[in-house]
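What follows is each chain in one-letter form.
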4 protein chains.
Amino acid sequence: MGAPARHFASDNSAGIHPEVLAAVAAANEGHALAYGADRWTESALGLFRAEFGEDSGTYLVYGGTGANVVGLGTLLQPWDAVLCAATAHINVDECGAPERFLGCKLLPLQTTDGKLRPEMIRDTVGVLGPDHQAHHVRPRVISISQSTEYGTVYRPDELRALSAVAREYGLLLHMDGARLGNAAAALDVPLRALTTDAGVDVLSFGGTKNGAMGAEAVVIFDRGRDESARFGRKQATQLPSKMRYVAAQFEALLRNGLWRRNAAHANRMARRLAEEAASVPGVAITQSVDANAVFARLPGDRIAPLQEKRFFYVWDAAGDEVRWMCSFDTTEQDVDDFVEEIRAVLA
Amino acid sequence: MGAPARHFASDNSAGIHPEVLAAVAAANEGHALAYGADRWTESALGLFRAEFGEDSGTYLVYGGTGANVVGLGTLLQPWDAVLCAATAHINVDECGAPERFLGCKLLPLQTTDGKLRPEMIRDTVGVLGPDHQAHHVRPRVISISQSTEYGTVYRPDELRALSAVAREYGLLLHMDGARLGNAAAALDVPLRALTTDAGVDVLSFGGTKNGAMGAEAVVIFDRGRDESARFGRKQATQLPSKMRYVAAQFEALLRNGLWRRNAAHANRMARRLAEEAASVPGVAITQSVDANAVFARLPGDRIAPLQEKRFFYVWDAAGDEVRWMCSFDTTEQDVDDFVEEIRAVLA
Amino acid sequence: MGAPARHFASDNSAGIHPEVLAAVAAANEGHALAYGADRWTESALGLFRAEFGEDSGTYLVYGGTGANVVGLGTLLQPWDAVLCAATAHINVDECGAPERFLGCKLLPLQTTDGKLRPEMIRDTVGVLGPDHQAHHVRPRVISISQSTEYGTVYRPDELRALSAVAREYGLLLHMDGARLGNAAAALDVPLRALTTDAGVDVLSFGGTKNGAMGAEAVVIFDRGRDESARFGRKQATQLPSKMRYVAAQFEALLRNGLWRRNAAHANRMARRLAEEAASVPGVAITQSVDANAVFARLPGDRIAPLQEKRFFYVWDAAGDEVRWMCSFDTTEQDVDDFVEEIRAVLA
Amino acid sequence: MGAPARHFASDNSAGIHPEVLAAVAAANEGHALAYGADRWTESALGLFRAEFGEDSGTYLVYGGTGANVVGLGTLLQPWDAVLCAATAHINVDECGAPERFLGCKLLPLQTTDGKLRPEMIRDTVGVLGPDHQAHHVRPRVISISQSTEYGTVYRPDELRALSAVAREYGLLLHMDGARLGNAAAALDVPLRALTTDAGVDVLSFGGTKNGAMGAEAVVIFDRGRDESARFGRKQATQLPSKMRYVAAQFEALLRNGLWRRNAAHANRMARRLAEEAASVPGVAITQSVDANAVFARLPGDRIAPLQEKRFFYVWDAAGDEVRWMCSFDTTEQDVDDFVEEIRAVLA
């Protein structure tokens, strides 16, 4: 509240892309049976299959936490544990919804850049040994965010290495792809290169931060998980009744590559911001700007004055690392103006 | 799929009312902080307070099952039980989401018309006695649907009688108001006459079936429940990130009484349908048509042919009672055409 | 408290059979690894395999509610429902532990004698049809009590008929055998005739009401359920550390047929009590006395005075049906004295 | 299995103290109402009040994980988190039972000796700030083990400092006192000095590792938690039916200070073992031997040969730190023989 028209708080501060809104309006025609038995949903699911393969199955949901909970639920028994980065959205930002709904434990691993690596998995799972007892939870899922909460991106080879170590230890690979579009745009690869072809077992695919109003999806790559996705979505209160409007949003994003244009633009704005801000004395960019997030360290006492110009979030406990997010509607002017504000406040 | 443009399957088959869609489009302006820290949400919450009293608190959510789960969660410990009609949406149509998320037992009561009555509560709770043991769950909440799943409506005096018996036995009153607007329009009373002033403790208020795209709300009447509503909404995966678009839908419905016009129209169409259909030989209207639902008994072998004309649902196990729902966009022509179809199929 | 030395309140009012206590004392020798890696457990599990077949697997637990929760957990996904008699212990006397721990819904069916019958299953499951939607929970388990909470017993042919209807509808059969010994003694058949050979999928086998101090077991008949039994037992807080003492109790009950002698005696005392009490004017025996429970109707105002002589429980809401339980240590003198007390109080 | 008569694997490898077994046998007299309505339970609860204060309330349970789950449940809402040492039994050894049953997240903190300290709490909770959002779980409970899983002991002043920081941040203090007796014996203080008088809110008090067969207790210090303890115990499947035998065990331990004699002896044996083993070349004692556990580092390749002499557990992932536990029945001869075996194997 009181924030200026466009800021850098989050990509979910952005509005709806006009093409998405137009698709919603176009779907507002006559009656359609609820819960997905409509032609817009049929069409959207076809586009998902085109992206992720004919053997994939997609379940549309309202929100990102819902997608993660439903998706993880297709992979886990209650005594299974999820290996994830300590910074993962599922660990930090979902108020313990995975634990509450699934009953499962998360095993957070420390990283410097939000990315899990095979050796972290080996170090954690390896010590439990083959004769695993019922006293301990059973590591079962590796959950990664693509792009990560630190704005970094897993390359296809890194993903394949993770899925290989998963197979080696009898684990499954979950991807929180709330910003998968940004990762695919950054690497200039199709979505399936980072998912279907990289050994991902279940994907949360995000539309909301990419220009939708509110549209997320659970994508499974083994139709044996259909039952738990179908019932789990309903039990998780994530089955939209007027499904056609969620479907229409994805139709708009997926039909002509709008998702990629949106993501690529946001990424470009982040790089511009990072490059320009790095030239301001007192600003240190702290993470690789792979996608649409910029992490920077500022003099601690300059943060609050700068937030008053345009709102953004402080990221670390120590209080001097901040996150600036760009979105599909961030303009070059926004970036340039903000850098001027940074320069002025830090002067 | 393949259903005609407008049918009588459900009020969630209808689309978005044009004023609601316009409000969503109007909210698509600039950046807004996520999760409700925006001016549209502020405004919508003010309209809720105007309807339900300054002491009420409202939590916007995505869907109806979510609203019920979050709302019930503010009233229950895991060892508490919910008394509800056997036909209640929470008992039949939410795939056990209340049990899974809250851990609580539902105690379904048989009714003929979907309505609970004080003597049913007394008969059930009374026998457990004052020295209640930990072997049994503790009846704690009476949950009613307004209007009910049978299209019947509780009058204010009936509601006050239920809240009185609730107080007598130390129970709380939850209302699933997915169609509260239809009830209020039917009785021509303000929303608060059926909620705030009738002793309701927590309300699920539905926008979706009343012309919204997807907008529901949890309304609490004791701000001591704020904490559990706030955290419970997030844990139930029902906290929308781009909240402004949910808020805008309610703004449109509540600002100038659109909710009442929509509901009154749907109710009027249901009465028209019931009156006309009742004149068709072989059709028997089985429930009081208080709101926007018509229940009727038809010759069993005529149902499938009629469904092919316009889809609707069979309601009972025996297979000859059907439900016809009217919505804000049902026209007199739709009704009249459908009655002709009924007449033709039953001839 | 204040109850006389032996009463008819429940078979868990009885103490420990001397042979069971002696077995516990005999196991108190040196150190033994915890959680079942000891020779007493090894031996007891062998006796379970001898009773239930070499393909069965047994998990020893502390208590009966625990056994039910762990056993049901091997059969259910969270969206599955359990069909059971409305009077079932899991439905009435476990404080909703199944719902809380498993997240599942129970679907209680009305019976007159505590016994489910195939037509009740057909009537309930049949109407849901093959194209079952995610809106409703999925019936998955039939849970029966043997003997029932009304002291009645399923014959082997009745059990086979239930397991046949289970297979027909894709359901599984769970038996709460807290008093399975009483049923097997009543029918003079081996335990396996009522379980392994009758198509039971998972069994809770009770020792406590049969003369143990506190010893129950989950028996599975498909070793594919081992994982969920093993982890589920630990998560349900039902893995005893000093397991040898639970094992020793079962060793004593199973080694030389002590369980059958105890159960047969209790059954005999119940028949004696029923026969003698039936001759008292004003007493009506209300259920078939198949096992160790007697249900009777008495003049309502005579119940409290009689309870002061020897405690027992009133069973129905109306307040004039009572339950008298016999146990392994009930004597003929106890029965005869109690009948005299009944006669005197009702005179 | 195959382990020698007495080893150093765990204090739950020990048997039942003869006085405890005698008490169980003495309670085996006539009938007693189930679930605690018996004179042995009444007596034991009186002894608990004598130890922990007249305002305390005690709930007897079967096992330690059960006690922790029930006790924590009286303190937590599902969105609350528990701060604990990463090595805590609730975090590592309970198979995620707290997460599954309570739905809550644990926030494990790294320690060197198993003990939490006020600054760790401040560092973790302090950064969340006063305007805590629903995105994150809410730190609510500090859970400590006394003695810790590393055999270290909190002094009364350390406990008071923790309860002070708890009050400062609106947190509650839970103590896993599976080995509280060892701590109190080590410090030569009454139980209440480490609990009631130190600001503990809820205690798990262990009998099993102190010479009982299987007897644990949840002690609450605010009777406002009675309801959740009572219902939570039943729902957690931790309400013993033949309660008198659990009560009798505690009666034996508490009546004449048997618990203290047992604990003091085990502690003495641990000190003896540590002192003697420290003189063996190649052995390094790694933790302060405050109670009945000895942690030591050995040459990695000598561990397996030594385990073949007398079993014990390897404690760390690296594979060269081991734990030796002493119990009430460990003899000086056991210790001396074991040290000779160590000496021989390491020679």
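Residues numbered from 1 in each chain as written. Chains lettered and ligands numbered in written order. Predicted model: local features only at pLDDT ≥ 70, side-chain atom pairs only at ≥ 80, totals over all residues. Heavy atoms only, no water.

> I'd love a proper account of the packing of aromatic side chains, names of residues and values included.
On inspection of all chains with the given rule, the structure shows 58 aromatic pairs over all chains. Measuring from centroid to centroid gives 5.3 Å for Trp 324 of chain A and Phe 338 of chain A, while their planes differ by 85 degrees, and the two rings are edge-to-face. Highlighted residues: Trp 324 of chain A in strand 11 (residues 321-325) and Phe 338 of chain A in helix 13 (residues 332-346), separated in sequence by 14 residues. Looking at Trp 324 of chain A, the relative accessible area reads 0%, which means it is buried. Residue Phe 338 of chain A is classed as buried on the basis of its relative accessible area of 0%. Through a chain of ring-to-ring contacts, the aromatic side chains of Phe 48, Phe 52, Phe 205, Phe 221 and Phe 250 of chain A assemble into a single cluster. It is Arg 39 of chain D that lies over the ring of Trp 40 of chain D; its NZ or CZ is 4.1 Å from the centre. Positioned above the aromatic ring of Tyr 154 of chain D is the side chain of Lys 115 of chain D, whose terminal nitrogen or guanidinium carbon lies 5.6 Å from the ring centre. (Phe/Tyr/Trp six-rings, centres within 6.5 Å; stacked < 30°, edge-to-face > 60°. Helix = DSSP H or I, 4+ residues; strand = E, 2+ residues; numbered from the N terminus. Buried < 20%, exposed > 50% of the residue type's maximum accessible area, 1.4 Å probe, protein only. Lys NZ or Arg CZ within 6 Å of the ring centre and 35° of its normal.)

> Which residues make up the side chain of Asp 80 of chain B, and what are the values?
Residue and element names in this part refer to chain B. Inspection of the secondary structure assignment puts Asp 80 in strand 2 (residues 80-85). A distance of 2.8 Å separates a polar atom in the side chain of Asp 80 from the backbone nitrogen of Gln 77. Of the polar contacts made by the side chain of Asp 80, one reaches the side chain of Arg 138; its length is 2.8 Å. In this structure, Asp 80 is in contact with Leu 75, Cys 104, Lys 105, Arg 138 and Arg 140, ignoring residues within four places of it in sequence. (Polar contact = N/O pair within 3.5 Å; in protein donor to acceptor, adjacent residues only side chain to side chain. Contact = heavy atoms within 4.5 Å.)

> Tell me what's going on with the sheet that holds strand 10 (residues 313-314) of chain D, and back it up with residues and numbers.
Remark on secondary structure: sheet strands pair via backbone hydrogen bonds, oriented parallel or antiparallel. Residues and elements named next belong to chain D. Taken together, the 4 strands give an open sheet; going across it, the order is 8-9-11-10, and neighbouring strands pair in antiparallel fashion. Edge positions in the sheet fall to strand 8 (284-285) and strand 10, since each of these pairs with one other strand and no more. In the sheet, strand 8 pairs with strand 9 (residues 293-297) via 2 bridges, with the strands oriented antiparallel. If you follow Ile 285 over to strand 9, its bridge partner there is Ala 296. Against the sheet, helix 11 (residues 258-278) makes contact with strand 8, strand 9 and strand 11 (321-325), and its axis sits at roughly 20 degrees relative to strand 9, the strand it touches most. (Pairing = 2+ DSSP bridges. Axes fitted to C-alpha atoms, helices over the stretch in contact; angles between N-to-C directions.)

> Give a detailed account of the interface of chain C and chain B, specifying residues and quantitative values.
Often the size quoted for an interface is simply the accessible area lost on bringing the parts together. Counting residues at the interface gives 20 residues for chain C and 20 residues for chain B. Carbon and sulfur atoms make up 57% of the surface buried where chain C meets chain B, a total of about 1600 Å² over both sides. Of all residues in chain C, the largest losses of buried area upon contact with chain B belong to Cys 95, Arg 100 and Lys 105 of chain C, amounting jointly to 33% of the total for that side. Here Glu 99 of chain C and Lys 105 of chain B are joined by a salt bridge, their closest N and O atoms 2.4 Å apart. Linking chain C to chain B there are 10 residue pairs in polar contact (both at pLDDT 80 or more). For the side of chain C that touches chain B, the elements supplying multiple residues, two or more each, are helix 4 (89-92), helix 5 (97-102) and strand 3 (105-109) of chain C. Split into classes, the residues belonging to the side of chain C that touches chain B amount to 10 nonpolar, 5 polar and 5 charged. (Buried area = accessible area lost by both parts, 1.4 Å probe. Salt bridge = Lys/Arg side-chain N within 4 Å of Asp/Glu carboxyl O. Nonpolar A, V, L, I, M, F, W, Y, C, P; charged D, E, K, R; others polar.)

> I'd like a description of the interface of chain A and chain B, backed by residues and values.
Facing the 56 residues of chain A at the interface are 56 residues of chain B. When chain A packs against chain B, the two sides together hide about 4700 Å² of surface, and 56% of this comes from carbon and sulfur. In this structure, the connection of chain A to chain B is made through 35 residue pairs in polar contact (both at pLDDT 80 or more). Listing elements by their share of the side of chain A that touches chain B, those giving two or more residues are helix 1 (18-26), helix 3 (64-73), helix 5 (97-102), helix 9 (226-235) and helix 10 (243-255) of chain A. A total of 4 residues in the side of chain A that touches chain B trace back to one element, the largest contributor, which is helix 5 of chain A. For the side of chain A that touches chain B, a count of residues per class yields 27 nonpolar, 18 polar and 11 charged.

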